[in-house]
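Commentary on secondary and tertiary structure
Residue strings, one per chain:
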Amino acid sequence: MDYTTHDRQAYFMSQDFEHCLTYNEAQFKLDNDPPSQRPGASLYTAYQIETALDSDQESYPSPHSSPPSPRNFLDSNEKQRLIEKGTCDAYLQLYQYGELNTRLSESKSWELQCPDKGCWVKTGIRNHINLTSQGQFMPLEKHFGSRVCISQKSLQKQAVRDSRAALITVVLPPEHSRNNSTDTASLRLTVVASTSCCIGLPMTDWPTLPGVPPEANFPWLRTRDGLDKLPFNVNLVDGVLYACSPNCTHATDDDSPCIPCQQLQSRIHSLVNLARERKNHTRHNVLTPIQLLDVINERNVNLNTVKLQSLNDARKIKRMLSVIEDHSSLVMALAQCDVPWLRNLLQTALHNSASIRTILRLIEDALERGYRPRTRGKEADDLALLILRLGGHNLLYALSQRLSLPSLRTLGRHTSFVKIAPIIGQITMGVIQHNIAAVVLAPRAQAGLNTLRGVSFLIDETALEEAAGYLPQSNSIGGLCWTHSHLVDTTLNNYQSALGVADALKSDKVHLGKELTVAGAHVFGEDGIYPILAAPTCKSENFTDMEFVFESVIDSWYASGADRAVGPAWSFATDGDATQRKAGHRTFLCNNIHFTSPLFGTLINLPGLNLLTGKHEMTLDFDYKHVFKRFCTLIRSRAGMRLNNGRCINSSMLERYLTWVDNVDESRALKLLYPDDPQDVPRAVALMNAVISLSNIDPTLPPYTLDGTEPDVDVIADFDAIKILSHILHSLLQPFINITLSLTEQVIFLCRCAHLIYTCYRNQRRAFMPNQLYYDVQTLIKNIIFCIAKQQKLDATQPFTLLDTGDDPIELLFVFLRMCGGHNSAVNYKQALDRRGAARDIGGVYAQNPDLTHGHHRLNLTSCSESVDHINRSMWVGDIISGHCNLPSAWKQGQDEATQFLQLTQIPPQAYDFDSYFSFGLGMDLLCVFGEGKYPSVNDGDTEEDRLLNVRVVPSIPTENVGDEPAEPETPLVPAEEGANENEPICNFEEMLEDEFDPSQSDDLDDSPEISEDDSPTAPPKGPGIRPADYLWCEKKWVHKQTVCHLIITPNFTPKSQVHLLRVRGFTSVNKKADVDEVSNILHGEHFVTGDLFLTLIRSQGKVLSLALACATSISENGLSRGRINTATLASLRSNVKVVGEMMVLLPSISSTPKSSALWVWNGGYLKTASPVPGTNAVTQRVVTLSIPGHLLELANPRVVNALEHLTPDQASEVNSKGSSWALSNDGLEAAAASVWMKIVESKVPINSISALSSKSSMFPYKDLNGSDALLQDAEREWRALALYVVRQQKICAHIWAATSFALHAEFLKMSQQLFQAHFCGHSGVAECAVTFKESGRSVTWESQCPHKENFQYGSANKGSDNRPCRNVPVVCKLCVHQNRQTDWRPAIWRYNLEAHMNDHHPEYAHPGKPHSGLPLPTIMFDTMMLTPVEQTRLGVPPRPLFTLTVPNSEKENIPASASGRKRKGDAQTFSAAASSKRARRT
């Protein structure tokens, strides 16, 4: 009998399922028929489903459909069906029809009664919630499947047993299935006979295994309700699966399926493909039984794999635990034991692939001294070399024994030591070439360095002990200056040779070296320097000697072939020495670059660049760090620098504003402006950055300007000048410290800096900066541009860094030199040679191992707090490939940026007309500012030193009140060694030798050779380590030649002080701090500060006093600079206060009406005068500055006005960027002029001591609207004051001479008749005020009891100078008869009153005032009263005809001679003759 299913649903139960699959619309019935005996019939279990198929039978919707329509009752069949269904939707329908009982529990929750057994099921739903959803009946559905429902449970278990029996044919072979067919005998299915109606679309191609019927592999799970339910019904008819559409008509004309069933073809095809090929991650609900068995097999395989992996992991974990234990033991051993040379031990073990246990055994052997590793490698050799050079042989031996470092012998086999040949006599190319071959070529060849690179020569000096030394290699004396040592024989063959050198030193024929001139070669792109020249110098070289040095080094480089082995020479760098600058200018600016040069095409397109070079197109270079320091020194100086239209920027002005910068308080500002060490590069860079940050502040905004107040005009003008300075500093500093810049950006910055400096220098010249600094900055930028172009021609793919310029490598060499001697910079020449080689070795080790060095503070560009130790090329991240930089375009961009910025300033446009200045044929460029081949600091004919070097500045501290005593003069610091042995007797050479070889003073560790009694001149000392050639036979003794040099050549040698500041006489600390009380006085008192305006009277043309408005640029008291000073001290006559200021230009307001209410407005400019450029026809303008005593000024209190409302646009062209300016009333200015004049009269100030305007100016005296001079002092009152001054004051000789010689004014001439009797106080006839005079030998002494006298040095005043030509001193009239002796006190007459004295007392004599009448004047008297041409010119005396009416002096003088005087003169002559004969005998 065949198994038959109903046409609705069937259950299929797998052996892996432990639960029963319940269907919503199926009712299971088992019949008693035995199972079929057909093959594969036992694979499945089919259940007959009795379902009403009648059309009138009502079907209930699925749970997802809309709720059923309400009905009054539910028939029994349907109720039974819903109860047997046992699902949530069935229970919801029963509840809705009232067929399901409910009640409330004690916890006020719903309970449901099971319709099968009648038991109550708790739901946990509160009673205020209505039962309206299916999920609320889930507890009852779960209850239906529990043990309580026995009948349903047994039905489910029976279904599971039947499904498992059906799968036997899949797991077991067919024979086993037939033998166990009786196990499925209990499965009784009803066979549905075939009918002629539509039974569905047959699925004949359903995939299956051989011998397995298709129905056994069908996914029957998909026939139940759910998401995966098939959209059609499946029937099994005669062993064939049929798909029947829910819309099937059940009738057809033939045996073919109906139309709805035929439409299932595509869906059946998709289902067949899914059953044929299983895809990954497919849900198990849609798989066939065979696919499910495949999944089970895969899971079993994976399970076995995981089990095997777990076994392997267990073994690995066990092994790793053992390794961790070994590592823990190693860590414990390293932490508790001091293993010698552990790093080398570990390297050796790891190189040999040793295990951790082997390493532990090696450590144990090392601790027990059984294993002694030896270091091999470059790193160990470098460390040993560093120890040798810094600590010496003994330290290297100790560390070699303890740390297993290479020994000295091993180091000698693997390392070549640097040795420099000494300079004995003149510098020769042979010595330099020898050093190039030994120091440069040989090491580079050994290291395999054969890439051609540019080379820069560096030259500098370092301190040297003034002591002679013996050089065994050449058997000569070292330490003599190279400029003069060729004048003596320096070979030390005998004792007489040493005496000859000693005599030459005493006669200044030759000198000992004070410093050591070192020249070296630095290779671009590499670290370190190769020293090739070390010559002692006496510092007497001139620029021609330095030219010889430059040319010798360059010629030696090319003669030795180093240009082909290393690279061509590009530049020669110095630190800014004046002699080296002039020599470098003559050497490296002599040839114009030729048009055939590879550089010509690039550099000719850089307008303004100086194209003069030296041999091999070399250029001069200066160190950029020295330039930074000199810029800061200029800013910190009292004179400062003038920018914009003449605004002065100095330390006093910056001290007021630096505290406005973030993170800069008053203490930090003082340290930046007044550092303890002016050579501190990081602090110099910090000051430059602070100024740059200051320029970003707008002083017109709060909190710098309070709301409702007008901005300070001076502050605005100051910040306009600070912005120019900040642009210059920013353009100069950024290319060296900003590591993100590309090479093109660096060139743009440098070009902008060069053009800004050029403009400011052309506008202000030395008022902007010293000539030397300007020359150095422009030369530095020029060299960088040339080197970039040369690198592009040599190898454009290589980088170029600006840090390779300058002389920083030679500074590092000097640092290493001091490190070799325990930071002792004082060494003799022999030690210096040895340490030069050692310093080169140290530098090489540090370059290869940068982690061994801690850096050098004074050479850093930034402080350690900014996390930058020492900027080098490896830190640069910008694109610095030389080929990526287009020099012409970058140069053009830099020039355009400079022009755009300068257009925003008050600098006149003609100062930055670059196109006109740099046009072809004018000969002007950035270095040759005014053309005509004249260069600043080289061809200007000015021998004045750099003004930065002569300025002493102290921080501004509050001054004491009026009446305090002036500060005591500083006492120079002198080393204690000086003068200590002045009174000790001088020993001869024999006595020194006896002291040297005194047995009673010898040590136990004396290594000198033993002196035997039978020594002879032919038997020098012998023994281990003794060179007989190093000894001389002296006074029956063999003496070492070094001892001879010490005792004979330099017997009075005194080591230089090791404290650098103690060697500077008059040194005082610069960075003084003000006390708290003094700061309180500053904050609460009335003070006059730099930058304040003041009014004073000055002399203009024609002896006219004119009122001038000035801005204070510096204040000094007793020669010390002050930033501020108490106004009471300023106005006191007893205070020695000087105020220096810049004269400001005042113009009358065009809107003024009456004269009394007229306003004078500052046009923003300063009074300028013509300043010719030395050696050229060019003339520039410079700001007029005046220096006046503090009590001769009146403080100005102007008001702020809009300049354009009072001045025309042309007049206001120099007004600040905000358009505001100062204005003063005419009445106030006249009152100030009268006040200053009264101060001059009351204080008896000499008229010619008042500042005078030496040249004419159209802007001063100030002009009113009609063009007439204004603000002048009354002339009549002025001359009365002048006459009063002449009577009361004798110090000013110019007016006295002019008054006695020429009739300037009748009243004045009348008063001048008695001038010859006037004294210091100006009174005549006062005996205690008279001046007396005494001569004793060569000295002259004068004396006066006048309370108003002023002391002066008679010799200097009598001699005069270009700056002070006045020689009005007391003299004795040679025509008057004096009864006392020449050495006694005699009455004196002021020199400029001698003519008046002769007119009154000796009218019979002629004199320059009356040259044609009278007796001839004795020559001695004429010499006494004669004026020099300089005096006459400076004092304004018109030239007079040459006075020739003189007579030689008579032998008989007017002074009677005494016997004692004649005896004293004879004794002096006798003593002089005796002394001369004694000196002759001694020589």
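Residues numbered from 1 in each chain as written. Predicted model: local features only at pLDDT ≥ 70, side-chain atom pairs only at ≥ 80, totals over all residues. Heavy atoms only, no water.

The next point concerns the overall build of the protein. When its secondary structure is counted, the protein shows 44 helices and 41 strands. Counting every position in the protein, which comprises 1483 residues, the buried fraction comes to 48%. Put simply, 70% of the contacts in the protein that link residues at least 6 apart link residues at least 24 apart. Accessible surface computed for the protein: about 74400 Å², of which carbon and sulfur atoms make up 51%. (Helix = DSSP H or I, 4+ residues; strand = E, 2+ residues; numbered from the N terminus. Buried < 20%, exposed > 50% of the residue type's maximum accessible area, 1.4 Å probe, protein only. Contact = heavy atoms within 4.5 Å. Areas by Shrake-Rupley, 256 points an atom, 1.4 Å probe, with all protein chains shown as cover.)

Under the counting rule described, the total for this entry stands at 30 aromatic pairs. Seen from their ring centres, phenylalanine 457 and tryptophan 557 are 5.4 Å apart, and the 80° between their planes marks the pair as edge-to-face. Separated by 100 residues along the polypeptide, phenylalanine 457 in strand S9 (residues 455-463) and tryptophan 557 in helix H17 (residues 543-559) bring together distant segments of the chain. For the pair phenylalanine 457 and tryptophan 557, one class covers both residues: buried. With centroids separated by 5.2 Å and ring planes inclined at 45°, the aromatic side chains of phenylalanine 524 and tryptophan 570 adopt a geometry described as tilted. Separated by 46 residues along the polypeptide, phenylalanine 524 in the loop between strand S12 (515-523) and strand S13 (530-537) and tryptophan 570 in strand S14 (residues 569-574) bring together distant segments of the chain. For the pair shown, phenylalanine 524 and tryptophan 570 are each scored as buried. Connected via pairs of aromatic rings, a cluster forms that spans Phe457, Phe550, Trp557, Phe572 and Phe588. The ring of phenylalanine 543 has lysine 582 lying over it, and the distance from NZ or CZ to the ring centre is 4.7 Å. Over the face of the ring belonging to tyrosine 917 we find arginine 762, whose NZ or CZ atom lies 3.8 Å from the ring centre. (Phe/Tyr/Trp six-rings, centres within 6.5 Å; stacked < 30°, edge-to-face > 60°. Lys NZ or Arg CZ within 6 Å of the ring centre and 35° of its normal.)

Here the focus is the sheet that holds strand S38 (residues 1386-1387). Through backbone hydrogen bonds, the strands of a sheet pair up, either in parallel or in antiparallel fashion. Across the sheet, which stays open at both edges, the 3 strands sit in the order S36-S35-S38 with antiparallel pairing between neighbours. In this open sheet, the two strands that pair with only one neighbour each are strand S36 (1339-1344) and S38. The sheet contact formed by strand S35 (residues 1331-1336) and S36 spans 6 bridges and is antiparallel. Residue pairing in the sheet places valine 1331 in a bridge with serine 1344 of S36. (Pairing = 2+ DSSP bridges.)

Attention shifts here to helix H1 (residues 76-85). Residues Glu78, Leu82, Ile83 and Lys85 constitute the buried set of H1. Looking down the long axis of H1, one finds its buried residues gathered within 160° of arc, a one-sided arrangement. What points out from H1, more than 90 degrees from its buried face, is the exposed set Ser76 and Asn77. Contacts made by the buried residues of H1 are with helix H2 (88-96) and helix H3 (138-144). One or two steps after H1, the chain reaches glycine 86, where phi turns positive at roughly 65°. (Arc of directions from axis to C-beta.)

One can find glutamine 426 in the loop between helix H14 (408-414) and helix H15 (429-447). What makes glutamine 426 partly exposed here is its relative accessible area of 30%. Distance in space between the C-alpha atoms of glutamine 426 and threonine 483 is 6.3 Å, their sequence separation being 57 residues. In contact with glutamine 426, other than residues within four places in its own chain, are Trp482, Thr483, Ser485, His486 and Phe548.

Moving on to the packing of helix H21 (residues 624-636) against helix H24 (residues 681-694). Two elements in contact, H21 and H24, have axes whose closest approach is 9 Å; the angle formed by their N-to-C orientations is 60°. Looking at the two axes, H21 sits oblique to H24. Classified by chirality, the crossing of H24 by H21 is left-handed. Contacts between H21 and H24 involve Lys625, Phe628, Lys629, Cys632 and Arg636 from the former and Val681, Arg683, Ala684, Val685, Leu687 and Met688 from the latter. Residues that form the contact of H21 with H24 fall into these classes: 7 nonpolar, no polar and 4 charged. (Axes fitted to C-alpha atoms, helices over the stretch in contact; angles between N-to-C directions. Parallel < 35°, antiparallel > 145°, perpendicular 65-115°, else oblique. Left-handed = near helix turned anticlockwise from the far one by under 90°. Nonpolar A, V, L, I, M, F, W, Y, C, P; charged D, E, K, R; others polar.)

With respect to the element layout, threonine 587 can be found in helix H19 (residues 578-588). Using a relative accessible area of 9% as the deciding quantity, one classes threonine 587 as buried. Among all residues touching threonine 587, those that are not within four sequence positions of it are Glu547, Phe550, Glu551, Gly614 and Lys615.

Any two side chains of opposite charge can pair if their charged atoms end up close together. Applying the stated criterion across every chain yields a total of 26 salt bridges. A salt bridge links aspartate 326 to arginine 357; its shortest N-O distance comes to 3.1 Å. Taken together, the residues span a long stretch of sequence, with aspartate 326 in helix H9 (residues 289-336) and arginine 357 in helix H11 (residues 356-367) at a distance of 31 residues. The closest approach of N and O atoms between glutamate 897 and arginine 752, which form a salt bridge, is 3.4 Å. On the criterion of sequence distance, the pair formed by glutamate 897 in helix H30 (residues 887-902) and arginine 752 in helix H26 (residues 743-764) is long-range, its members being 145 residues apart. Here glutamate 897 falls in the partly exposed class, since its relative accessible area comes to 26%. Through salt bridges with shared partners, a single ionic network connects Arg444, Arg453 and Glu526. (Salt bridge = Lys/Arg side-chain N within 4 Å of Asp/Glu carboxyl O.)

Interhelical geometry of H26 versus helix H27 (residues 771-795) gives an angle of 150° and a closest axis separation of 11 Å. Taken together, the axes of H26 and H27 lie roughly antiparallel to each other. H26 and H27 meet at a crossing whose hand is left-handed. Within the contact between the two elements, H26 uses Leu743, Val747, Leu750, Cys753, Ala754, Ile757, Tyr758 and Tyr761 and H27 uses Asn771, Tyr774, Val777, Gln778, Ile781, Ile784, Ile785 and Ile788. In terms of residue class, the contact of H26 with H27 is built from 14 nonpolar, 2 polar and no charged.

A surface patch of nonpolar side chains, amounting to about 460 Å² of accessible area, comprises Ile317, Met320, Leu321, Val323 and Ile324. On the secondary structure map, isoleucine 317 appears in helix H9. (Patch = residues over 30% accessible without salt bridge, like charges linked within 9 Å, V, L, I, M, F, W, Y side chains within 5 Å.)

Below, the discussion takes up the sheet that holds strand S5 (residues 120-126). Pairing is antiparallel across the open sheet formed by 3 strands, whose spatial order is S3-S4-S5. Where the open sheet ends on each side, the last strands, each with one partner, are strand S3 (102-104) and S5. The sheet shows a mean angle of 30° between the axes of neighbouring strands, direction not considered. Here S3 runs beside strand S4 (residues 109-113); their pairing, made up of 3 bridges, is antiparallel. Bridging across to S4, threonine 102 finds its partner in leucine 112.

With 73% of its residues at a pLDDT of 70 or more, the protein has an overall mean of 75. In the predicted structure, residues 163-195 sits below a pLDDT of 50 and forms 69 contacts with residues beyond four places in sequence or in another chain. Predicted confidence is poor over residues 863-869, with pLDDT under 50, and the contacts of this stretch with residues over four places away or in other chains come to 7 contacts. (pLDDT = per-residue confidence, 0-100.)

Let us now look at the side chain of glutamine 764. Looking at the element boundaries, glutamine 764 is found in helix H26. Judged by its relative accessible area of 2%, glutamine 764 is buried. Residues contacting glutamine 764, with those up to four places away along its chain left out, are Arg642, Asn644, Asn645, Gly646, Gln1181 and Val1183.

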